[in-house]
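Observations on the three-dimensional arrangement
So you can see what is in the structure, the chains are spelled out below.
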Amino acid sequence: MMLIGDCYLSPYGGGSYPQSGHSAVDAASARKRTLEDEILVLRSRMEQIFVQEKSFTSELVIEISCLLDRKINEYMRGAYH
């Protein structure tokens, strides 16, 4: 787990490995849902910090924004494969 502000995020960034009895499609679908959840949590946290600090250039806002960008890119790459 990784701590960003008060937000815990999974460090998982690789492909999905299906467990016995589950298809690769099920694993990919689960990973997509996980990414969607991470994106929503990051977006919400970024908005909270912006409201607190009243700055888009706050170091923490920028850090979360960069992580959010990576998660969105990961999500979009998975959407086309």
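Above: the structure in question.
The structure displayed is predicted, hence computed values, not measured ones.

**What about unusual backbone geometry?**
Non-glycine residue Lys54 carries a positive phi angle of around 55°. Among the residues examined, Lys54 registers a relative accessible area of 67% and is labelled exposed.

**A closer look at the environment of Val61**
Mapped onto the elements of the fold, Val61 is located in helix H2 (residues 59-79). Since its relative accessible area comes to 4%, Val61 is described here as buried. For the pair formed by Val61 and Arg43, sequence separation is 18 residues and the distance between their alpha carbons is 10.0 Å.

**Some words on helix H1 (residues 24-53)**
Taking 1.5 Å of rise per residue, the 30 residues of H1 would be expected to cover 44 Å, and the 43 Å separating its terminal C-alpha atoms lies within 8% of that figure. Looking at the residues trailing H1, positive phi occurs at Lys54, about 55°.

**Some words on the nonpolar core**
Counting 10 residues, the largest nonpolar core consists of Leu35, Ile39, Leu42, Met46, Ile49, Val61, Ile64, Leu67, Leu68 and Tyr75. Those elements that provide at least two residues to this core are H1 and H2.

**Quick word on the pattern of salt bridges**
Evaluated as defined, the whole model comprises three salt bridges. Taking the shortest distance from any N to any O, the salt bridge between Glu38 and Arg31 comes out at 3.9 Å. Judged by relative accessible area, which is 6%, Glu38 ranks as buried. For Arg31, the salt bridge identified is with Glu74, shortest N-O distance 2.7 Å. With Arg31 in helix H1 and Glu74 in helix H2, the pair connects residues that are 43 residues apart, well separated along the chain. Relative accessible area serves as the criterion here: at 10%, Arg31 is assigned to the buried category. With a relative accessible area of 16%, Glu74 lands in the buried category. Within the structure, one salt-bridge network assembled from shared partners comprises Arg31, Glu38, Lys71 and Glu74.

The rules we used
Residues numbered from 1 in each chain as written. Predicted model: local features only at pLDDT ≥ 70, side-chain atom pairs only at ≥ 80, totals over all residues. Heavy atoms only, no water. Buried < 20%, exposed > 50% of the residue type's maximum accessible area, 1.4 Å probe, protein only. Helix = DSSP H or I, 4+ residues; strand = E, 2+ residues; numbered from the N terminus. Expected span 1.5 Å × (residues − 1). Core = buried A, V, L, I, M, F, W, Y, C linked by side-chain atoms within 4.5 Å. Salt bridge = Lys/Arg side-chain N within 4 Å of Asp/Glu carboxyl O.

That is the geometry; function is a separate question.
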